[in-house]
Amino acid sequence: MKQFLSYLRLSALVFVLPLVFNCSDDDDNNPLFDLSDPSTFPGTYEMVELTDKTGDLSGIPNLTVQAGEPTTVPFPTGPGQTADAAVTITHTLVLTSTTYTSVFNIGVVVTGVGTIPIPPVTDSGTYSVNGTQITTTSAEDSEVETQAITSSNGQLTFEDDDIKVVYEKQ
């Protein structure tokens, strides 16, 4: 079980946090977030949904999880054994004009085992936007990431080969 929790924490950092800034602009008239106007960046963004394209997070390729809604995934309980787990994910992203703070929560309830406590995964750092590219630098580990960013109808969609995350500005 410890190995699974470590995997979830690592997965959140490796696959979700870099994707917080992985998007490209579809809608130049978006009143809540305009990639050509940095003054619209600051605010709080809540995750709407997350799609695990490769299955690295959930074990199920192309699984889409709605924020705050339990989703059933297999949970390893022993060598070659699994049980159903109801996984609930939420993610909050707060942007200022130059910094970000990210809080990722995972709730896990395993059939026959019960609730698995998982502490929130947090990250913070700085970011800059140049056109449809965003560069982030984590204060936690100094990792620098550059991705594309898209916005449409008050939502940001962050996507790469592994994962797709949709956020809505609050």
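Residues numbered from 1 in each chain as written. Predicted model: local features only at pLDDT ≥ 70, side-chain atom pairs only at ≥ 80, totals over all residues. Heavy atoms only, no water.

Got a sec to walk through the overall build of the protein? Specific residues and values, please.
Looking only at helices and strands, one finds one helix and 12 strands in the protein. Written out in order from the N terminus, the α and β elements of the protein read α-β-β-β-β-β-β-β-β-β-β-β-β. Split into buried and exposed, the 170 residues of the protein put 41% on the buried side. (Helix = DSSP H or I, 4+ residues; strand = E, 2+ residues; numbered from the N terminus. Buried < 20%, exposed > 50% of the residue type's maximum accessible area, 1.4 Å probe, protein only.)

Account for the pairing of strand β5 (residues 99–110), with residues named and values stated.
Burial along β5 is one-sided: the residues Tyr100, Ser102, Phe104, Ile106, Val108 and Val110 are buried and none of Thr99, Thr101, Val103, Asn105, Gly107 and Val109 is. Here strand β4 (residues 81–95) pairs with β5 via 11 bridges, running antiparallel. Across the sheet, residue Thr92 finds its bridge partner in β5, namely Val103. The turn joining β4 and β5, which pair antiparallel and follow one another in sequence, is formed by three residues. Of the pairings in the sheet, the one linking β5 to strand β7 (residues 121–130) comprises six bridges and is antiparallel in character. (Pairing = 2+ DSSP bridges.)

Which residues make up the confidence of the model for the protein, and what values do they have?
Per-residue confidence for the protein gives a mean pLDDT of 80, with 81% of residues at or over 70. The low-confidence segment residues 1–30, where pLDDT is below 50, has 95 contacts with residues more than four positions distant or belonging to other chains. (pLDDT = per-residue confidence, 0-100. Contact = heavy atoms within 4.5 Å.)

Lay out the nonpolar core in plain terms, naming residues and giving numbers.
Core analysis: the biggest nonpolar cluster contains 33 residues, and Phe33 and Val108 have the highest contact counts within it. Contributing elements (two or more residues each) for this core: β1 (43–52), β2 (63–66), β3 (71–78), β4, β5, β7, β11 (155–159) and β12 (163–169). The element best represented in this core is β4, accounting for six residues. (Core = buried A, V, L, I, M, F, W, Y, C linked by side-chain atoms within 4.5 Å.)

If you had to explain unusual backbone geometry to someone new, which residues and values would you point to?
The phi angle at Asn62 is positive, at roughly 65 degrees, despite the residue not being glycine. Among the structural elements, Asn62 can be located in the loop between β1 and β2. Although it is not a glycine, Ser142 sits at a positive phi angle of roughly 60 degrees. Tracing the backbone shows Ser142 in the loop between β8 (133–138) and β9 (144–148).

Please give an account of the packing of aromatic side chains that cites residues and values.
Geometrically, a pair of aromatic rings is defined through the distance of the ring centres and the angle of the planes. Following the criterion strictly, the structure yields two aromatic pairs and no others. Each ring, one from Phe41 and one from Tyr127, has its centre 6.2 Å from the other, and the planes form 40 degrees; the classification is tilted. With Phe41 in the loop between α1 (2–16) and β1 and Tyr127 in strand β7, the pair connects residues that are 86 residues apart, well separated along the chain. The buried category is assigned to Phe41, whose relative accessible area is 3%. An angle of 90 degrees between the planes, with centres 5.0 Å apart, marks the rings of Phe158 and Tyr167 as edge-to-face. Like Tyr167, Phe158 is buried. (Phe/Tyr/Trp six-rings, centres within 6.5 Å; stacked < 30°, edge-to-face > 60°.)

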